[in-house]
Amino acid sequence: LLRRHWRASSAPFYRTLLALTVLFGTPAFASAANEDPQRLLKIVTAHVAGASDHSLSIDAPTLNRPLRLPRCESRPVAFDPPGSSHSNSRQTVGLRCDGGWKLYVPVRITRNVMMVELSRPVGPGQTLEPADLRLAQHPLSSMPLGYMSALNQALGQVTRQALPEGTVLRPT
């Protein structure tokens, strides 16, 4: 009984909401006047990646939702705000449009590096051979200090314990 009453009383609200969405919320209407967040994300990504020698994964949650910025006639310019550092996993990138707006975008950066890992499980006392090893990208922040970055660093090493496939090898 309560469910039917709720549906019946809310029907006019939903009809009105649908009509307003159709009239004012169409994507063609919104995209003509506002800046495209994906365009800005590409500019931010290129700016951050240009300052790094690692493979990066960049997340900018601010640009994952529609923005109410007027479309920039020229290409927006990315810049580093005062006090920003490219060595952190979190930083802020500035975007400036000649038309007058300025936006500060917080970004989370994951630096990925190639590391030597096991391509199959190995037992204790086993000497590592080329078939046991592979290079794979891993987030630098998730690894403890020290890792091997070249296969020849691990060749001939003897394991002390059983290790599963995918284990990142560290120097001893």
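1. A short note on helix α3 (residues 37–50)
- For α3, with 14 residues, the first-to-last C-alpha span of 20 Å sits near the 20 Å given by 1.5 Å per residue.
- Every buried residue belonging to α3 is among Pro37, Arg39, Leu40, Leu41, Ile43, Val44 and Val48, and all of these are buried.
- Where α3 is buried, its residues meet β1 (55–59), β2 (77–79), β3 (90–96) and β4 (102–118).

2. Let's talk about the confidence of the model for the protein chain
- Averaged over all residues, the pLDDT of the protein chain equals 78, while 75% of them reach at least 70.
- Scored below 50 in pLDDT, residues 1–6 shows one contact in the model against residues more than four places distant or in partner chains.
- pLDDT under 50 marks residues 17–31. Its contacts with residues more than four places away, or in other chains, come to three contacts.

3. What about the packing of aromatic side chains?
- According to the stated counting rule, one finds one aromatic pair in the structure shown.
- On the numbers, 5.9 Å between centres and 80° between planes, the contact of Phe79 with Tyr104 is edge-to-face. Taken together, the residues Phe79 in strand β2 and Tyr104 in strand β4 connect sequence positions 25 residues apart.
- A relative accessible area of 43% places Tyr104 in the partly exposed class.
- Over the ring of Phe79 we find Arg96, and its NZ or CZ is 4.2 Å from the ring centre.

4. With respect to the nonpolar core
- Core analysis: the biggest nonpolar cluster contains 20 residues, and Leu40, Val44, Leu63, Leu95, Trp101, Leu103 and Val105 have the highest contact counts within it.
- Of all elements in the fold, only α3, β3 and β4 reach the threshold of two or more residues within this core.
- Looking at this core, the element that brings in the most residues is α3, giving five residues.
- Not counting chain neighbours up to four residues away, the residues in contact with Trp101 comprise Glu35, Leu40, Leu69, Pro70, Cys72, Pro76, Leu95 and Arg96.
- Core analysis: the second largest hydrophobic core is formed by nine residues, Leu118, Met148, Ala154 and Leu169 among them.

5. A short note on the environment of Leu135
- When you line up the elements, Leu135 lands in strand β5 (residues 133–139).
- Judged by its relative accessible area of 39%, Leu135 is partly exposed.
- Expressed as a C-alpha distance, the spacing of Leu135 and Val116, which sit 19 residues apart in the sequence, is 4.7 Å.

6. Details of the pattern of salt bridges
- All told, the structure shown has five salt bridges when counted by the stated rule.
- Close ionic contact of Arg134 with Glu117 constitutes a salt bridge, the shortest N to O distance being 2.5 Å. Linking Arg134 in strand β5 with Glu117 in strand β4, this pair joins segments that are 17 residues apart in sequence.
- The exposure class of Glu117 is buried, given its relative accessible area of 6%.
- Ionic pairing is found between Arg134 and Glu165, a salt bridge with its closest N-O pair at 3.4 Å. On the criterion of sequence distance, the pair formed by Arg134 in strand β5 and Glu165 in the segment after β5 is long-range, its members being 31 residues apart.
- Classification of Arg134 by relative accessible area gives partly exposed; the value is 29%.
- Linked through salt bridges whose partners overlap, the residues forming this network are Glu35, Arg39 and Arg71.

7. Description of the state of the cysteines
- The tally for this structure, following the rule as stated, stands at one disulfide.
- Disulfide partner of Cys72: Cys97, at an S-S distance of 2.2 Å. Torsion about the S-S bond of the Cys72 and Cys97 cystine: about 100°, corresponding to right-handed handedness. Of this pair, Cys72 sits in the loop between β1 and β2 while Cys97 sits in the loop between β3 and β4, and the two are 25 residues apart along the sequence. Across this residue pair, the class does not change: Cys72 and Cys97 are buried.

What counts and what doesn't
- Residues numbered from 1 in each chain as written.
- Predicted model: local features only at pLDDT ≥ 70, side-chain atom pairs only at ≥ 80, totals over all residues.
- Heavy atoms only, no water.
- Helix = DSSP H or I, 4+ residues; strand = E, 2+ residues; numbered from the N terminus.
- Expected span 1.5 Å × (residues − 1).
- Buried < 20%, exposed > 50% of the residue type's maximum accessible area, 1.4 Å probe, protein only.
- Contact = heavy atoms within 4.5 Å.
- pLDDT = per-residue confidence, 0-100.
- Phe/Tyr/Trp six-rings, centres within 6.5 Å; stacked < 30°, edge-to-face > 60°.
- Lys NZ or Arg CZ within 6 Å of the ring centre and 35° of its normal.
- Core = buried A, V, L, I, M, F, W, Y, C linked by side-chain atoms within 4.5 Å.
- Salt bridge = Lys/Arg side-chain N within 4 Å of Asp/Glu carboxyl O.
- Disulfide = S-S within 2.5 Å.

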